[in-house]
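# Structural overview for review
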Amino acid sequence: MSRPLVARISVSALHHNLALARRVAAGRRAWAVVKARAYGHGLEHAIAAFADADGLALVEFDLAVRLRELGWRKPIMMLEGAFEPADVACALEHDLSLTVHDASQVSWLAEAQPRRRLAIALKFNSGMNRLGFGAAAFRAFHAQLAAMPICGSVSLMTHFANADLDDGVAPALDAFDTAVQGLAGARSLANSAAILAHPRAHGDEIRPGIMLYGSSPFAHRNARELGLRPAMALDSRLIAVQMLDAGDAVGYGSAYVARAPMRVGIVACGYADGYPRHAPTGTPVSVAGRRTCTVGRVSMDMIAVDLTAVPEAQVGSDVQLWGEEVSIDEVATAAGTIGYELMCALAPRVRVESVR
Ligand SMILES: *Cc1c(COP(=O)(O)O)cnc(C)c1O
């Protein structure tokens, strides 16, 4: 028998969420962001679900080549560009668009043998201060790139530090607008939060990531009210049930002690599967279709759950760690993190199934 833990990926939910992004930012070109193996959902599922996207965007060159091998023929954009000169050769071989955020990348492009023209996205630093050029360098490199035989087109790109806040994009957008004034090229700005909250930032191209996977980019608006459908369900079963007396403890460190007699279920899922070890007692979980919570410490392969509210639960009962019944964002909040991290941390040992 195999371990009952399985990640169920819904291609129709992924498809629905991309359609929603496209509806919200109607008329814009849409890059579906699929870095980190489509935020843990798998590139095969992404290709199946995102056929309507204008392109896919990621940061890993080996996975970009994999997308080509899987049959993706539309554009692919490398969001951090080349890490070394060999990446430019790879981009030329597989027709990958490159972000340019540093002078070294411009030299690598200048030195490459241009067997075809590449679409370049020139990155402006609008206040995040991770990648990108300030206004003067941005305009200088724009002119330089536009004159290079290897450059097919140069789009104008930035990434917001605070798009999840109400007034989060205004300063960045003003800085961007000033820097790109009069320059030719498509404007590419909006991540999920900007797509959903800041129509002014839709530009010509959008780059949705987290919303495609059915998680909210906002701390105070949940995925359901945004119209998003969860694309990943992490499902398992109870593999044991224990009766605790008052004063009995469960799990490592005896971190949870029963105050009265209670039933506790043991779930086949632990931190080695990607469930957050920091999830405290009280983290929501669904057992036999009813919401309850975890008790005690998360261990490598197991979690304990309170069965007080689920008297019918027994060994073999269904458990959902996150998905339709318990949103990944609720679990993330309880564990002091964000849905992004939980999705991306899904461990390779977890069996993956596609569902409609
Ligand atoms: C990851 C990423 C995105 C997508 O961001 P979400 O918050 O997941 O929508 C967009 N643009 C760039 C440059 C990224 O790195």
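We now turn to the structure provided with this report. As the structure is a prediction and not an experimental result, all values here were calculated from the model.

Every buried residue of helix α8 (residues 170–180) is accounted for by Ala-172, Leu-173, Phe-176, Ala-179 and Val-180. Within α8, the buried residues cover an arc of 130° as seen down the axis, which keeps them to one side. For α8, exposure combined with an orientation more than 90 degrees from the buried face picks out Pro-171 and Thr-178. On the buried face of α8, the contacting elements are β6 (118–124), α7 (135–146), β7 (151–158) and β8 (187–190). Once α8 ends, the next one or two residues include Gly-182, with phi positive near 80°.

Moving on: the pattern of salt bridges. Throughout the structure, instances matching the rule amount to 15 salt bridges. For the salt bridge of Arg-3 with Asp-273, the shortest nitrogen-to-oxygen distance reads 2.9 Å. Taken together, the residues Arg-3 in the segment before β1 (6–10) and Asp-273 in the loop between β13 (262–268) and β14 (284–287) connect sequence positions 270 residues apart. When its relative accessible area of 0% is taken as the criterion, Asp-273 is described as buried. Among the ionic pairs, Arg-237 bridges to Asp-318, the shortest N-O distance being 2.8 Å. In this pair, Arg-237 is assigned in strand β10 (residues 232–244) and Asp-318 in strand β17 (residues 318–322), connecting sequence segments 81 residues apart. On the basis of relative accessibility, which here comes to 46%, the residue Asp-318 falls in the partly exposed class.

With that settled, the discussion passes to the sheet that holds strand β3 (residues 55–58). Working definition: the strands of a sheet are paired by backbone hydrogen bonds and lie parallel or antiparallel to each other. If you trace the eight strands once around the closed barrel, you get β2-β3-β4-β5-β6-β7-β8-β9, paired in parallel fashion. When strand β2 (residues 29–33) meets β3, the two strands line up parallel, connected through three bridges. Note on β3: the bridge partner recorded for Trp-31 is Gly-55. Along the sheet, helix α4 (residues 61–69) contacts β3, β4 (76–78) and β5 (97–100); its crossing angle with β4, the most-contacted strand, is approximately 175°.

Put simply, α7 and α8 touch, their axes get as near as 9 Å, and they point 40° apart. Taken together, the axes of α7 and α8 lie oblique to each other. When you trace α7 past α8, the crossing you get is right-handed. Contact residues: α7 offers Ala-135, Phe-138 and Arg-139, while α8 offers Thr-178, Ala-179 and Val-180.

Quick look at the site of the ligand now. Near the ligand there are 13 residues, and of these Lys-35, Tyr-39, Ser-192, Ile-210 and Tyr-340 occur at the shortest range. Between the ligand and His-159, the relevant distance is 3.4 Å, taken from a nitrogen atom to a side-chain nitrogen or oxygen of the residue. With respect to the ligand, the side chain of Arg-207 contributes an N or O atom lying 2.9 Å from a nitrogen atom.

What follows deals with the pairing of β5. The two faces of a sheet get side chains in turn, since along a regular strand they alternate between them. Residues of β5 alternate between two faces, with Ser-97 and Thr-99 on one and Leu-98 and Val-100 on the opposite face, all of them buried. Taken together, the three bridges between β5 and β6 define a ladder with parallel strand orientation. Each bridged residue has a counterpart across the sheet, and for Leu-98 the counterpart in β6 is Ile-120. Handedness of the β-α-β unit built from β5, helix α6 (residues 103–111) and β6 comes out right-handed.

The next point concerns the packing of aromatic side chains. As enumerated under the stated definition, the model contains eight aromatic pairs in all. Ring geometry for Tyr-275 and Trp-322: centres 6.1 Å apart, planes at 10°, overall stacked. Residue Tyr-275 is found in the loop between β13 and β14, and its partner Trp-322 is found in strand β17; the two are separated by 47 residues along the sequence. Each member of the pair Tyr-275 and Trp-322 is classed as buried. One aromatic cluster is present, built from ring pairs that chain together Tyr-39, Phe-50, Tyr-213 and Tyr-340. Directly above the aromatic system of Phe-218 lies the positively charged group of Arg-221, at a separation of 4.9 Å from the ring centroid.

With that out of the way, let us pick up the packing of α4 against helix α5 (residues 85–94). It is at 11 Å that the axes of α4 and α5 come closest, and there the two elements cross at 10°. Between α4 and α5, the angle falls in the class roughly parallel. On the side of α4, the interface is formed by Phe-61, Val-65 and Arg-68, while α5 contributes Asp-87, Cys-90 and His-94.

So, about the nonpolar core. One finds Val-34, Phe-50, Leu-145 and Leu-321 to be the most contacted residues of the largest nonpolar core, which totals 118 residues. Looking at which element gives the most residues to this core, the answer is helix α1 (residues 11–24), with six residues. Not counting residues within four places of it along the chain, the set of residues in contact with Leu-321 comprises Leu-5, Leu-234, Ser-236, Val-267, Cys-269, Tyr-275, Pro-284, Val-285, Ile-303, Val-326 and Val-331.

Thresholds, definitions, all that
- Residues numbered from 1 in each chain as written.
- Predicted model: local features only at pLDDT ≥ 70, side-chain atom pairs only at ≥ 80, totals over all residues.
- Heavy atoms only, no water.
- Buried < 20%, exposed > 50% of the residue type's maximum accessible area, 1.4 Å probe, protein only.
- Helix = DSSP H or I, 4+ residues; strand = E, 2+ residues; numbered from the N terminus.
- Arc of directions from axis to C-beta.
- Contact = heavy atoms within 4.5 Å.
- Salt bridge = Lys/Arg side-chain N within 4 Å of Asp/Glu carboxyl O.
- Pairing = 2+ DSSP bridges.
- Axes fitted to C-alpha atoms, helices over the stretch in contact; angles between N-to-C directions.
- Parallel < 35°, antiparallel > 145°, perpendicular 65-115°, else oblique.
- Left-handed = near helix turned anticlockwise from the far one by under 90°.
- Near = heavy atom within 4 Å.
- Polar contact = N/O pair within 3.5 Å; in protein donor to acceptor, adjacent residues only side chain to side chain.
- Right-handed = clockwise from strand over helix to strand, strands pointing away.
- Phe/Tyr/Trp six-rings, centres within 6.5 Å; stacked < 30°, edge-to-face > 60°.
- Lys NZ or Arg CZ within 6 Å of the ring centre and 35° of its normal.
- Core = buried A, V, L, I, M, F, W, Y, C linked by side-chain atoms within 4.5 Å.

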